[in-house]
Amino acid sequence: MNKEMILQRQVAGMGKEQIQASLFNHLIYSNSKYPLTATTRDWFQAMAHAVRDRLVDRWTETMQSYYEQDAKRIYYLSMEFLVGRTLSNAMLNLEIDEQCKAALNDLGQQFEAIAETEADAALGNGGLGRLAACFLDSMATLDLPCYGYGIRYEYGMFRQSIENGAQVEHPDNWLRYGNPWEFPRPELLYPVKFHGRVVEYKEDDGASHHHWVDTVDVMAMAYDTPVPGYGGKTVNNMRLWAAKSSRDFELKYFNQGNYIQAVADKNESENLSKVLYPDDSTEMGRELRLKQQFFCVSASLQDILHRFRKHHEDWQQLPDKVAIQLNDTHPSIAVAEMMRLLVDIHHLPWDEAWGLTTRIFSYTNHTLMPEALETWPVPTFENLLPRHLQIIYEINHRFLHTVMHLFPGDGELLRRLSIIDETGERRVRMSHLAIVGSHAVNGVAALHTELMKRTIFADFHRITPNKIVNMTNGITPRRWLHQANPGLSKLISARIGKAWLIDLDQLHKLRELVGDSGFRQQFHAVKRANKERLAGIIRKQQGIEIDPDSMFDIQIKRIHEYKRQLLNVLHVVTLYNRIRAEADADMVPRTVIIAGKAAPGYAMAKLIIRLINDVAETINNDYLIGNKLKLVFIPNYDVSHAEIIVPAADLSEQISTAGTEASGTGNMKLALNGALTIGTLDGANIEIREEVGAENFFLFGLTIEDAEALHRAGYDPAACYRNHAELRRVLDMIAGGYFCADEPTRYQAVVDALLKHGDRFLLLADYESYVDCQDRVAQLYRDPAEWTKRAILNVAGMGKFSSDRTIREYAQHIWHVSPIVPR
Ligand SMILES: *Cc1c(COP(=O)(O)O)cnc(C)c1O
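Structure report, in brief. (Residues numbered from 1 in each chain as written. Predicted model: local features only at pLDDT ≥ 70, side-chain atom pairs only at ≥ 80, totals over all residues. Heavy atoms only, no water.)

## Comments concerning the overall build of the protein chain
- Each helix and strand counted, the protein chain has 34 helices and 24 strands in total.
- The C-alpha atoms of the protein chain give 28 Å as radius of gyration, which agrees with the globular expectation for 823 residues (28 Å, within 12%).
- If one aligns the C-alpha atoms of the protein chain with their principal axes, the spans along those axes are about 95 × 75 × 60 Å.
- For the protein chain, the residues scored as buried account for 61% of the 823 residues in total.
- At a minimum sequence separation of 6, the contacts of the protein chain that also span at least 24 residues come to 77%. (Helix = DSSP H or I, 4+ residues; strand = E, 2+ residues; numbered from the N terminus. Rg over C-alpha atoms; globule rule 2.2 N^0.38 Å. Buried < 20%, exposed > 50% of the residue type's maximum accessible area, 1.4 Å probe, protein only. Contact = heavy atoms within 4.5 Å.)

In structure tokens:
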């Protein structure tokens, strides 16, 4: 088949009739069903295949133009891609949603019911993985030649259920009914080596080389998924690797006649890509995790170099054709693996290879919290990746040598900068490897980047003052407004046109409409409809009746002490006490909604979930409280839940301790959908407040400087307890078993963490400021016109937080890539 034939092939049409024909054909020929026998899932499969055909046409064209134009590619390496569902998103990005829905309607099918049968691709924990998914959407929309590289976990993020108030984890078997969006590439297979030993030998020219031998090999097989940009011109590729046992490995046993052992071992090596580690913002330090990281990296780099070598002889061109972004330190072993491939396999001199490597890599830091920074014990490394440990030692030796010349005599500085932590058990500091091996290191919000320079990476900032840069996070407005909130999307487009979809700054035009009472009413009506929809789902799934006229006060994110869901609970119990003290007081009715998963091994986070559910049980069943206050914990928070909850929010809780949340992106989703934020000066909250205006943002709490001063003066949480009667009452109730009569000491540990163990995240220091601020929130909610006005001004000010803006900054300042528009 030649190029002309490819160009002239039958391309799938975008009209309703053509889509309907395609849908019908797939139902019959891909699913072997007729409308009479088809289940909702069959209809989903058929629709997905019909849409997929349209993606494939543009995907082929995109890949063809990258190839023809010899484009510089961006490789986004990430252990997580939290994509969610694809059908709606693909239809909207191809702008064929109306045709598709009409085609289904004619056949007597409801699109919403069909779309809901799709399983979320939950190949990520939270913000970091969702950021990767938003970035892929933006890069395709901006026609940037990007490949996402990650792992095809067979089991993604666990499903959370609540039993007797407590979190229970269930496996996420998301591939059970097949995945219509992925294309297995059994021919695209790379060996990934582990264990073994290193032999050094001399070439004839006297040069020394290294062989990594006697390794245990696992094969990485590619699965490709199309990633359509908005407007559908560019369709990029997300390539995920699955572990397959290597043939050699099996043969050894088969030849010995040990068939059963061979098949059992095959399973063991395929376990490598079985399951996502469900730990967010803490490192697990398990060997299987390091194996997953190297597996992902090694397969991706082999693939990247293979693509480069098809067209290039000259290694010097590598950085002109390849930019690799490391999403956190998780894939940072790539620095050593690239050096191994260039030096050991392709025999480049070390200095040359190092020059290329550092021009290719850049690294994104996502957290300042010490417990999240990855380090691996040297013996673990030596056993699993012996050659990489040698290479890291060599990188470190040369790096420290340069530093020594710059700052002679400063032994302490060398110890602090070293890639090897020599205090106690020797460990490899993955962040140091990532920084040394990259030409750019970025934080994800202005404050976070400043803190990187001032605290954890201050020494690196001193020796390379231009390396650390800021790239404030963003979210894709296609999924988080257009798709999740069709009512608001239509209202906005009706007033300012559709250009905001690719130029989110256009939202500023909404500022002129705040004085238009007709627009305000429509805006309010959209919010109200979204709240009714959420109330309906909560009624159906949990049997809890909530009032759509009450203020929907929402905190949705991973459960973590630093995110302070517990502070939210302290406020809820405070309100509960106030209502009980004065039952006929004129209170603003409030529905507090919390959702999020706790890492299975994080006992305190799980205890907080249980407390939320116990408090909810008490409040929701107290006849004195009625509709004035409700507390709801929605189980199994994931992208699909976010898409329903976010558009229904009045108030967005972004209440992390100042200096702990690197950026946050949930804060952006909620404000973009017209929620007002109650928040601290932390992460991107600071920039959101600047953009939407301080008068449209409820600020409370200590600043980082306040917190530092407090610690210097000697923080005494017990003094807060003694000095504040309402707080004292709340803590006494929780500690005394008020919400858990069956086991009165259940929450002793929660209260002890605050009163006896130092209250690390300053909940008690911020309590009064938070509760006072919530009183101001309630006051404003009494004035619906004013509230709506400020909600509109929030939407209008969110242009900056499009991930399109973030990606443009990366492309210009870090990757040096330009758009390639397919024919
Ligand atoms: C956006 C998102 C997050 C991140 O939320 P934060 O409030 O920034 O922590 C986590 N999980 C899901 C499912 C999301 O969509």
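After presenting the structure, the write-up continues.
## Digging into the packing of aromatic side chains
- In the structure shown here, the tally under the stated rule is 20 aromatic pairs.
- With a centroid separation of 5.8 Å and 35 degrees between ring planes, the pair formed by Tyr75 and Tyr149 is classed as tilted. A residue pair is termed long-range when its members are at least 10 positions apart, and Tyr75 in strand S1 (residues 73-77) and Tyr149 in strand S4 (residues 146-151) qualify at 74 residues. With respect to class, Tyr75 is no different from Tyr149; both count as buried.
- Ring centres 6.1 Å apart and planes at 0 degrees place the aromatic pair Tyr149 and Trp241 in the stacked group. Of this pair, Tyr149 sits in strand S4 while Trp241 sits in strand S11 (residues 235-245), placing them 92 residues apart in sequence. For the pair Tyr149 and Trp241, a shared accessibility class is recorded, and that class is buried.
- Put simply, the rings of Tyr75, Tyr147, Tyr149, Tyr190 and Trp241 touch in pairs and so form one group of aromatic residues.
- Here the basic side chain of Arg307 rests over the ring of Tyr147, its NZ or CZ set 4.2 Å away from the ring centre.
- Above the face of the Phe158 ring, Lys597 is positioned so that its terminal group lies 5.6 Å from the ring centre. (Phe/Tyr/Trp six-rings, centres within 6.5 Å; stacked < 30°, edge-to-face > 60°. Lys NZ or Arg CZ within 6 Å of the ring centre and 35° of its normal.)

## Points about the nonpolar core
- Core analysis: the largest hydrophobic core is formed by 245 residues, its most contacted members being Met139, Phe295, Ile324, Phe381, Ile395, Leu510 and Trp815.
- Those residues in contact with Trp815 that lie beyond four places of it in its chain are Lys72, Ile74, Met139, Ala323, Gln325, Ser362, Ile807 and Tyr810.
- In terms of nonpolar packing, the next biggest core, distinct from the first, is built from 26 residues, Leu23, Ala48, Leu87 and Met91 among them. (Core = buried A, V, L, I, M, F, W, Y, C linked by side-chain atoms within 4.5 Å.)

## Section: the pairing of strand S5 (residues 159-163)
- Bridge analysis of S5 against strand S6 (residues 166-170) gives 5 bridges, and the strand direction is antiparallel. By the bridge assignment, Ile162 is partnered in S6 with Gln167. (Pairing = 2+ DSSP bridges.)

## Topic: the environment of Glu17
- Checked against the element boundaries, Glu17 lands in helix H2 (residues 16-29).
- Residue classification places Glu17 among the exposed residues on the basis of a relative accessible area of 57%.

## A few points about helix H24 (residues 603-620)
- Given a rise of 1.5 Å per residue, 18 residues ought to cover 26 Å, and the 26 Å separating the end C-alpha atoms of H24 matches this to within 8%.
- The element H24 is largely enclosed, with a buried count of 13 among its 18 residues. (Expected span 1.5 Å × (residues − 1).)

## Points about helix H3 (residues 40-68)
- Between its terminal C-alpha atoms H3 stretches 42 Å, which fits the 42 Å expected from 29 residues at 1.5 Å a residue.
- Asp70 lies just past H3 and shows a positive phi near 50 degrees.

## Quick look at the site of the ligand
- As a structural note, the neighbourhood of the ligand is formed by 13 residues, with Lys557, Lys563, Thr665, Gly666 and Lys669 the closest of them.
- Lys557 places a side-chain nitrogen or oxygen 2.7 Å from an oxygen atom of the ligand.
- For the ligand, whose unbound accessible area comes to 390 Å², protein coverage reaches 96%. (Near = heavy atom within 4 Å. Polar contact = N/O pair within 3.5 Å; in protein donor to acceptor, adjacent residues only side chain to side chain. Areas by Shrake-Rupley, 256 points an atom, 1.4 Å probe, with all protein chains shown as cover.)

## Description of the packing of helix H18 (residues 446-454) against helix H28 (residues 704-713)
- Remark: H18 packs on H28, axes separated minimally by 13 Å, with the N-to-C direction vectors making an angle of 40 degrees. Here H28 runs oblique to H18, going by the angle between their axes. Side by side, H18 and H28 meet where Leu447, Leu451 and Arg454 of the first sit next to Ile704, Glu705 and Glu708 of the second.
- Tallied by class, residues from the contact of H18 with H28 come to 3 nonpolar, no polar and 3 charged. (Axes fitted to C-alpha atoms, helices over the stretch in contact; angles between N-to-C directions. Parallel < 35°, antiparallel > 145°, perpendicular 65-115°, else oblique. Nonpolar A, V, L, I, M, F, W, Y, C, P; charged D, E, K, R; others polar.)

## Quick look at the sheet that holds strand S22 (residues 651-654)
- Strand order in the open sheet formed by 6 strands is S21-S20-S19-S22-S23-S24, and the pairing between neighbours is parallel. Lying at the two open borders of the sheet, with one neighbouring strand each, are strand S21 (629-634) and strand S24 (698-699).
- Examined bridge by bridge, strand S20 (residues 590-595) and S21 share 6 bridges and lie parallel to one another. If you follow Ile594 over to S21, its bridge partner there is Phe633.

## So, the sheet that holds strand S15 (residues 420-421)
- Pairing is antiparallel across the open sheet formed by 3 strands, whose spatial order is S14-S16-S15. Strands at the two margins of the open sheet, each flanked by one partner only, are strand S14 (375-377) and S15.
- Sheet topology places S14 next to strand S16 (residues 427-429); 3 bridges connect them, and they run antiparallel. Counted as the bridge partner of Trp376 is Val428 from S16.

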